[in-house]
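# Structural characterization, general
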Amino acid sequence: MVEPVGRDEMGEMIGLRDDVYRRPLATALARLGLGAGWRCVDVGAGGGDVSVALAEMVGRDGRVYAVDSDPAARDEVAHAAAAHAQVIALTQAGEDLALPEEVDLAFCRFLLLHVVEPEAVVRKMAAAVRPGGWVVAQEPITSAGRIAGAPLSMPDARHPDIGALLPGLVRNAGLEVVDAWAEAPAGVGPGPVTRYLESLTGVDPGDDPVVLPPLVTVICRRA
């Protein structure tokens, strides 16, 4: 029997990661009742922080596929997940997602803003989950972020405001939207928000007030 992780326990696990957006992540996973034995795929896994967090929740009886198009990310994930044999790192583009088994959860975050065809990636994620399985996507509305009142921009992103389109996009991909919301961490002066923005942009905002881009979360189910 799959056992869900409690909200307090899940928040504690996610809280161990240096992740300024950890609250919407913890909320989404708690909403699903993610627990031991789940099969998951983290699409656009990057350095593997979310993949490792998922591995801690699904336990040794579960499995996490950490997928990224950058071969260097595979090595980063392998290093980050060295203590978690249930993490399998794969080099694949989201548009080419193909797994050896159906999964219970397909997850992505800060991925769709960079890909050429976001809906094509979501359709691949939907096809990867079992009937009744879950797809969770978290994407920003970049221009809604502020530094001292000035809008943020991400000129290198193909779809910097994809979060604003996310509910309609997943519905067009044939998924049932179960829940959706937006959250934006904010801060003034030194702290995790300032450090995160500096790592993202290379610019220290100093004591300027910062509102990070709202992260839109959609929780969907495959019919």
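Report follows, based on the coordinates. All of these numbers come straight from a predicted model, not from anything done at the bench. (Residues numbered from 1 in each chain as written. Predicted model: local features only at pLDDT ≥ 70, side-chain atom pairs only at ≥ 80, totals over all residues. Heavy atoms only, no water.)

This part covers the packing of aromatic side chains. Inspection of every chain in the model, using the stated rule, returns 2 aromatic pairs. Seen in terms of ring centroids, Tyr21 and Tyr196 are 5.7 Å apart; in terms of plane orientation they differ by 85°. Their pairing is edge-to-face. Taken together, the residues span a long stretch of sequence, with Tyr21 in the loop between helix 1 (7-15) and helix 2 (22-32) and Tyr196 in helix 7 (residues 192-201) at a distance of 175 residues. Look at Tyr21 and you get buried, because its relative accessible area is 2%. Residue classification places Tyr196 among the partly exposed residues on the basis of a relative accessible area of 22%. Clustering of aromatic rings is evident, with ring pairs tying together Tyr21, Phe110 and Tyr196. (Phe/Tyr/Trp six-rings, centres within 6.5 Å; stacked < 30°, edge-to-face > 60°. Helix = DSSP H or I, 4+ residues; strand = E, 2+ residues; numbered from the N terminus. Buried < 20%, exposed > 50% of the residue type's maximum accessible area, 1.4 Å probe, protein only.)

Right, let's talk about the pairing of strand 2 (residues 63-68) for a bit. Of all 6 residues that make up strand 2, 5 are buried, and the element is covered over most of its length. When strand 1 (residues 39-43) meets strand 2, the two strands line up parallel, connected through 5 bridges. Paired with Val43 across the bridge in strand 2 is Val67. Following the backbone out of strand 1, through helix 3 (residues 49-58) and into the adjacent parallel strand 2, one traces a crossover that is right-handed. Pairing geometry for strand 2 and strand 3 (residues 87-91), over 5 bridges, is parallel. In the strand pairing of strand 3, Asp68 is matched with Thr91. (Pairing = 2+ DSSP bridges. Right-handed = clockwise from strand over helix to strand, strands pointing away.)

So, about the pattern of salt bridges. Applying the stated criterion across every chain yields a total of 7 salt bridges. Note that Glu183 is salt-bridged to Arg23, the shortest N-O span being 3.1 Å. Linking Glu183 in strand 8 (residues 176-183) with Arg23 in helix 2, this pair joins segments that are 160 residues apart in sequence. On the basis of relative accessible area, Glu183 is assigned to the buried category, the value being 16%. Exposure remark for Arg23: the relative accessible area of 61% places this residue in the exposed category. Ionic contacts of the salt-bridge type, sharing partners, join the residues Arg39, Arg63 and Glu101 into one network. (Salt bridge = Lys/Arg side-chain N within 4 Å of Asp/Glu carboxyl O.)

A separate point is the sheet that holds strand 7 (residues 150-151). Across a sheet, paired strands are connected by hydrogen bonds in the backbone, their directions being either parallel or antiparallel. With respect to topology, 4 strands assemble into an open sheet ordered 7-6-10-9, the strand pairing being antiparallel. Edge positions in the open sheet fall to strand 7 and strand 9 (186-188), since each of these has one partner strand only.

Now for a negative patch on the surface. Together, Glu198, Asp204, Asp207 and Asp208 make up a region of like negative charge exposed at the surface. When you line up the elements, Asp204 lands in the loop between helix 7 and strand 10 (209-211). The partly exposed category is assigned to Asp204, whose relative accessible area is 47%. (Patch = residues over 30% accessible without salt bridge, like charges linked within 9 Å, V, L, I, M, F, W, Y side chains within 5 Å. Areas by Shrake-Rupley, 256 points an atom, 1.4 Å probe, with all protein chains shown as cover. Lys, Arg positive; Asp, Glu negative; His and termini not counted. Charge placed at Lys NZ, Arg CZ, Asp CG, Glu CD.)

Okay, the sheet that holds strand 3 next. Read from one edge to the other, the open sheet built from 7 strands follows the order 3-2-1-4-5-11-8, with strand pairing classed as mixed. Here the strands that pair on one side only, and so sit at the sheet edges, are strand 3 and strand 8. Ignoring which end each strand starts from, the neighbouring axes of this sheet average 15° apart. Contacting strand 4 (103-109), strand 5 (129-140), strand 8 and strand 11 (215-221), helix 2 crosses the sheet at an angle of about 155° to strand 8. In the packing of helix 4 (residues 71-80) onto the sheet, the strands contacted are strand 2 and strand 3, and the crossing angle to strand 3 comes to about 170°. (Axes fitted to C-alpha atoms, helices over the stretch in contact; angles between N-to-C directions. Contact = heavy atoms within 4.5 Å.)

Buried residues of helix 7: Val193, Thr194 and Leu197, and no others. With its buried residues spanning 95° around the axis, helix 7 presents them on a single face. Structural note: helix 7 exposes Arg195 and Ser199 on the side pointing more than 90 degrees away from its buried face. Contacts made by the buried residues of helix 7 are with strand 6 (146-147), strand 9 and strand 10. The positive-phi residue at the C-terminal boundary of helix 7 is Gly202, with phi of around 80°. (Arc of directions from axis to C-beta.)

Interpretation in functional terms is not warranted from these geometric data alone.
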